[in-house]
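Structural features, examined
Below, each chain spelled out in residue letters.
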Amino acid sequence: MISPRNPESFFAAHSLIVITGCILFISIVSPLIMGVLQGSQRFLAISINVVFSSLSKLVFGVMLVILGFGVMGALFGLGLSIFLALLLAIFQLPREVVKAHAGCLEKLGMQSIYKYYIAVFLSSLGCMILTIGDVILVKHFFSPEYAGFYSVAQMTGKMILFLPAVVSIVLFPKISDAFSQGQPTEQLLKKGLLVVGVLCGSLSIFCSLFPGLVLKILTRQEAMQAVSLVPFFCIAMTFYALVNQFMVYNLAIHQFRFTVYLLLASLSQLVLISLFHPNLPVVLFFLIASSLGLFLLGCWEAARVKIGS
């Protein structure tokens, strides 16, 4: 029992809370620094930082656990690795950024910054609902057994969805830079879509051809009910990965109409799944329809912006 009468457990519990609080604080600051590196197009520095962070988490966590510190050791190792990665990121900042003064924010205009924050938040919210909301609804409307099959199968979809994340990291600052200088941005979008299409398309074909093998590697399970769902997830998440590139592109050129499309599509998907869910393939049909519809809207919106320019 954890109480002041048991000093050791009381101290341990409070230490875990303090360490967790420190980790949360550093985790809030870290994306700001990494965002500056991304905006400065220091992709080599970002890669070094990510590799260092991952390796240090593994080394510190395993080492402290082996030394007998248990959960506290693992948590402390996580916090230490995040802190060291933050220090490394600060050291990697360009000199001109370090010398910048607070007055530069006034030149940008705080109102436009807040507007942009809202657009980014709503876009991220729409994408999150589109790719996570179905899992929540399936767990609500279906039995635990079928919800389990769905959750197992969706792991392949998430792998396809998050595979091209590095493309977005490179795409956003390059398009923003080109847009701010009045240069054409359509070719950058096409290159991003091509890379993502090839990556996700290739993986999607492989997962669809060998769904049982993929599930066995990822989850150590090979239930036929889950295997039959994998191709549907592959199609939906491939299109959602492409949709994500359109989202990044439109945010980079300060066009927020696509954000509205994302929110409307996420709401429609939730409503349709809630009203019509006779079986899991129907749920996945709505995912495919939403992702394909958003992809076509993204193409149309990109063409509209090009004509308008």
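Just so we're clear, the structure is a prediction, and the values are computed from it rather than from any experiment. Each chain carries its own residue numbering, running from 1 in the written order of its sequence. It should be noted that, the model being predicted, local features are given only for residues of pLDDT at least 70 and side-chain atom pairs only at 80 or more, the latter also being counted only at that level, while totals for whole chains, interfaces and linings use all residues. Side-chain calculation: all heavy atoms of the structure are included, whereas hydrogens and water are not.

Numbering of helices and strands runs from the N terminus, with a helix taken as a DSSP run of H or I at least four residues long and a strand as a DSSP run of E at least two residues long. Helix and strand content of the protein: 14 helices and zero strands. Going from N to C terminus, the protein has its helices and strands arranged as α-α-α-α-α-α-α-α-α-α-α-α-α-α. In this scheme, a residue with accessible area under 20% of its type's maximum is buried, one over 50% is exposed, and one in between is partly exposed, where area comes from a 1.4 Å probe on protein chains only. In the protein, buried positions account for 39% of the 309 residues. Across the protein, the fraction of contacts at a sequence separation of at least 24, relative to all contacts at a separation of at least 6, is 78%. Note on areas: Shrake-Rupley with a 1.4 Å probe; residue coverage comes only from the protein chains shown. For the protein, the accessible area works out to roughly 17,600 Å², and carbon and sulfur atoms hold 74% of it. Throughout, a contact is declared for two residues whenever any of their heavy atoms are within 4.5 Å.

All right, on to the environment of Leu161 then. On the secondary structure map, Leu161 appears in helix α7 (residues 144-162). For Leu161 and Val196, which are 35 residues apart along the polypeptide, the C-alpha to C-alpha distance reads 9.6 Å. In this structure, Leu161 is in contact with Thr131, Met237, Tyr240 and Ala241, ignoring residues within four places of it in sequence.

For the purposes of this section, nonpolar cores are sets of buried Ala, Val, Leu, Ile, Met, Phe, Trp, Tyr and Cys residues that join through side-chain atoms within 4.5 Å. Core analysis: the largest hydrophobic core is formed by 60 residues, its most contacted members being Tyr150, Phe233, Leu262, Leu287 and Leu294. At 15 residues, helix α12 (residues 230-252) tops the list of elements feeding residues into this core. Non-local contacts of Leu287, meaning those with residues more than four positions away in its chain, are made with Asp134, Tyr150, Phe233, Ala236, Met237, Tyr240, Gln269 and Ile273. Counting residues in each nonpolar core, the second largest holds twelve residues, with Met34, Leu37, Leu86 and Leu93 among its members.

Right, let's get into helix α8 (residues 165-180). Expected helix span is given by 1.5 Å per residue-to-residue step, counting one fewer step than there are residues. The terminal C-alpha atoms of α8, which comprises 16 residues, lie 23 Å apart, in line with the 22 Å expected from a rise of 1.5 Å per residue. Turning to α8, its buried residues are Val167, Ser168, Leu171, Pro173, Ile175 and Ala178. Following α8 by one or two positions, Gly182 has its phi on the positive side, about 75°.

This next bit is on the pattern of salt bridges. When a carboxyl oxygen of Asp or Glu is within 4 Å of a side-chain nitrogen of Lys or Arg, the pair counts as a salt bridge. Applying the stated criterion to the full structure yields two salt bridges. As a salt-bridge pair, Glu301 and Arg257 come within 3.4 Å of each other at their nearest N and O atoms. Residue Glu301 is located in helix α14 (residues 280-308), and its partner Arg257 is located in helix α13 (residues 257-275); the two are separated by 44 residues in the primary sequence. What makes Glu301 buried here is its relative accessible area of 0%. We classify Arg257 as partly exposed; its relative accessible area is 40%. A salt bridge links Glu301 to Arg304; the nearest nitrogen and oxygen atoms lie 2.5 Å apart.

Moving on: the confidence of the model for the protein. Taken over all residues, the pLDDT of the protein has a mean of 82, while the share at 70 or more is 85%. What pLDDT conveys is the predictor's confidence in a given residue, as a value from 0 to 100. Within the protein, helix α5 (residues 104-108) has the poorest average pLDDT of any element, 53, and α13 the best, 95.

A cluster of nonpolar residues, Met155, Met159, Ile205, Phe206, Leu209, Phe210, Leu213, Ile217 and Leu218, forms a patch on the protein surface that exposes about 850 Å² of accessible area. The set of elements that each furnish at least two residues to the nonpolar patch consists of α7, α9 (186-209) and α10 (211-219). Looking at the secondary structure, you find Ile205 in helix α9. On the accessibility criterion, Ile205 (53% relative accessible area) is exposed. Note on patches: the residues involved have over 30% relative accessible area and no salt bridge, like charges join within 9 Å, and the nonpolar side chains Val, Leu, Ile, Met, Phe, Trp and Tyr join within 5 Å.

Another point: the packing of aromatic side chains. Put simply, two rings from Phe, Tyr or Trp (the six-membered ring, in Trp's case) pair if the centres are within 6.5 Å, and we call them stacked under 30 degrees between planes, edge-to-face over 60, tilted for the rest. Within the structure shown, the criterion is met by nine aromatic pairs. A centroid spacing of 6.0 Å and a plane angle of 65° characterise the contact between Tyr116 and Phe256, whose relative ring orientation is edge-to-face. One end of the pair, Tyr116, is in helix α6 (residues 110-141); the other, Phe256, is in the loop between α12 and α13, with 140 residues separating them in the sequence.

Let's shift gears to unusual backbone geometry. Positioned with a positive phi, His254 is a non-glycine residue whose angle comes to about 60°. Within the secondary structure, His254 is located in the loop between α12 and α13. With a relative accessible area of 45%, His254 lands in the partly exposed category.

Here α9 is 24 residues long and its end C-alpha atoms lie 34 Å apart, about the 34 Å a rise of 1.5 Å per residue gives. Regarding α9, the residues found buried are Glu186, Leu189, Gly192, Leu193, Val196, Cys200, Leu203, Ser204 and Cys207.

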